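Here's the letter readout for the chains.
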Amino acid sequence: MGNAELLSLHIHPVKAFRGVSLREAVVEPWGLAGDRRWALIDDGGKVVTQRQQPRLAQAAAELLPGGGLRLSAPGLEPLTVEVPEPLGTVSMEIFRDKVEAVVADAAAHAWCSTYLGADVRLVHMDDPATRRPVDPEHALPGETVSFADGYPLLLTAGASLDALNALIAAGGHAAEGPLPMNRFRPNVVVAGTGPWAEDGWSRVSIGEVDFRVAKMCGRCVVTTTDQSTSERGKEPLHSLGRHRRVDGKLMFGQNLVPLSGGTIRVGDPVRVTG
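Think of each chain on its own: its residues are numbered from 1, step by step along the sequence as written. The predicted nature of this model means local features are confined to residues of pLDDT at least 70 and side-chain atom pairs, given and counted, to a pLDDT of 80 or more, with totals for whole chains, interfaces and linings taken over all residues. With hydrogens and water stripped out, all remaining heavy atoms of the structure feed into the side-chain values.

Undergrad: Can you tell me about the overall build of the protein, naming the residues and giving the values?
TA: Secondary structure counts use DSSP, requiring at least four H or I residues in a row for a helix and at least two E residues in a row for a strand, with both numbered from the N terminus. If you tally the helices and strands in the protein, you get three helices and 20 strands. Each principal axis of the C-alpha atoms in the protein carries an extent, and together these give about 50 × 40 × 35 Å. For every residue, the accessible area obtained with a 1.4 Å probe (protein chains only) is divided by the maximum for its type, and the residue is called buried under 20%, exposed over 50%, and partly exposed between those limits. Residues counted as buried form 51% of the 274 residues belonging to the protein. It only takes one pair of heavy atoms within 4.5 Å for two residues to be counted as in contact. The contacts of the protein with a sequence gap of at least 6 include a subset with a gap of at least 24, amounting to 69%. Per-residue accessibility takes into account occlusion by the displayed protein chains alone, with areas from the Shrake-Rupley method and a 1.4 Å probe. Per element, the accessible surface of the protein, about 11800 Å² overall, is 51% carbon and sulfur. None of His or the chain ends enter the tally, which takes Lys and Arg as positive and Asp and Glu as negative. Taken as the charge location is NZ of Lys, CZ of Arg, CG of Asp or CD of Glu. Each charge class in the protein can be summarised by its mean position, and for the 28 positive and 32 negative side chains these summaries are 5 Å apart.

See below:
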């Protein structure tokens, strides 16, 4: 694979909010430290993401010491939110999973509801070691995940984005490209591989940490959402549908599960170990 390395690192403190780029991150069993431990739910308890609310792309959450947040969004004064005391939980639904979560304070609900113009509540995952198992079809016993779509980490490759952008340029929606990597909301982006090389990986190490590749990542409408304006287009789903359809899903990136702990850093070597 040559001199593959970790090109960039990203967390999303609140699921569906803007990503935060880091120089280094601690790898926990359920994902990068601080990644997607918070989420929004609607009045029926279902998770709210950019699928329903593309404006979430323009909302930002800065992670504070201790795990709290400083929320900011266009048109609103910033708000600091403390980690709620786990005195009780609310049952929420994140895709097909029922998960218990701790509700944040009323000010957080009001702030998020005002921004979206919809009744939502902000919730926190207090104990990611027990709250949500990884999909048993692609998990080992005891593996858990935060409020990420399904797996602890998402890996993408710069060379694969270049290849996809070439397909977009040659297709019917060339004016939409080239797309930036933030459309795919990854945790780790690698450089120095061939296009789509990650499709053949089953185990990989980044710096001192080992991961297993659980499955390819099927993509949804969120990838068509401009992460700076919230506007939607046709790409990349149009081109993925023509060139990257596997078992009826449009694939880009790989879902990872940590096999060990440690800290990963931008520039760390990436090695395929299986």
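Undergrad: Now, about the environment of Gln53: what can you tell me, with residues and values included?
TA: Here Gln53 lies in the loop between strand E6 (47–48) and strand E7 (60–63). Owing to a relative accessible area of 18%, Gln53 belongs among the buried residues under this scheme. Considered as a pair, Gln53 and Ala107 are 54 residues apart in the sequence and their alpha carbons are 20 Å apart.

Undergrad: Go over helix H1 (residues 106–116) with me, naming the residues and quoting the values.
TA: Residues Ala108, His109, Trp111, Cys112, Ser113, Tyr115 and Leu116 constitute the buried set of H1. Those residues of H1 that are buried lie in contact with strand E5 (38–42), strand E8 (69–72), strand E9 (79–81), strand E11 (97–103) and strand E12 (120–124). Directly beyond the C-terminal end of H1, a positive phi value near 65° is found at Gly117.

Undergrad: Go over the packing of aromatic side chains with me, naming the residues and quoting the values.
TA: Only rings of Phe, Tyr and Trp enter the pairing, Trp through its six-membered ring, and a pair is recorded when the two centres are within 6.5 Å. The plane angle decides the type: under 30 degrees is stacked, over 60 is edge-to-face, the rest tilted. For the structure shown, the criterion picks out three aromatic pairs. Between Trp196 and Phe252, the ring centres sit 5.8 Å apart and the planes meet at 90°, which makes this aromatic pair edge-to-face. Residue Trp196 is found in the loop between strand E14 (188–191) and strand E15 (203–206), and its partner Phe252 is found in strand E18 (residues 249–258); the two are separated by 56 residues along the sequence. Each member of the pair, Trp196 as well as Phe252, carries the same accessibility label: buried. These aromatic residues form a ring-pair network of at least three members: Phe184, Trp196 and Phe252. We note Arg55 situated over the ring of Tyr115; from NZ or CZ to the ring centre the distance is 4.1 Å. Definition used: whenever NZ (Lys) or CZ (Arg) falls within 6 Å of the ring centre and also within 35 degrees of the ring normal, the charge is taken to sit over that ring.

Undergrad: Lay out the sheet that holds E9 in plain terms, naming residues and giving numbers.
TA: The strand order E7-E8-E9 describes an open sheet built from three strands, whose pairing is antiparallel. This sheet does not close on itself; its edge strands, each paired only once, are E7 and E9. If you compare each strand with its neighbour and ignore which way they point, the axes differ by 25° on average. One ladder, built from four bridges, connects E7 with E8; its direction is antiparallel. In the strand pairing of E8, Ala60 is matched with Ser72. The axes used here are C-alpha line fits, helices contributing only the stretch in contact, and every angle between their N-to-C directions lies in the interval 0 to 180 degrees. The sheet strands contacting H1 are E8 and E9, and the helix crosses E9 at an angle near 135°. Each pair of strands is called paired provided DSSP finds at least two bridges between the two strands.

Undergrad: Could you give an account of the state of the cysteines, with specific residues and numbers?
TA: When two cysteine sulfur atoms lie within 2.5 Å, the pair is treated as a disulfide. By the definition in use, this model includes zero disulfides. Take Cys217: it sits in no disulfide, and the sulfur closest to it among the cysteines is that of Cys220, at 8.3 Å. For Cys217, a relative accessible area of 11% gives the class buried. Owing to a relative accessible area of 23%, Cys220 belongs among the partly exposed residues under this scheme.

Undergrad: Describe the pairing of E8, naming the residues involved and giving the relevant values.
TA: Only one face of E8 is buried: it carries Leu69 and Leu71, and the other face, with Arg70 and Ser72, is open. Counting the residues between successive antiparallel strands, the hairpin from E7 to E8 contains five residues, one of them, Gly66, with a positive phi of roughly 95°. Bridge count for E8 against E9 is three bridges, and the pairing is antiparallel. Among the inter-strand pairings, Arg70 is bridged to a residue of E9, identified as Thr80. Linkage of E8 to E9, two consecutive antiparallel strands, is achieved through a turn of six residues, within which Gly75 is found at a positive phi near 85°.

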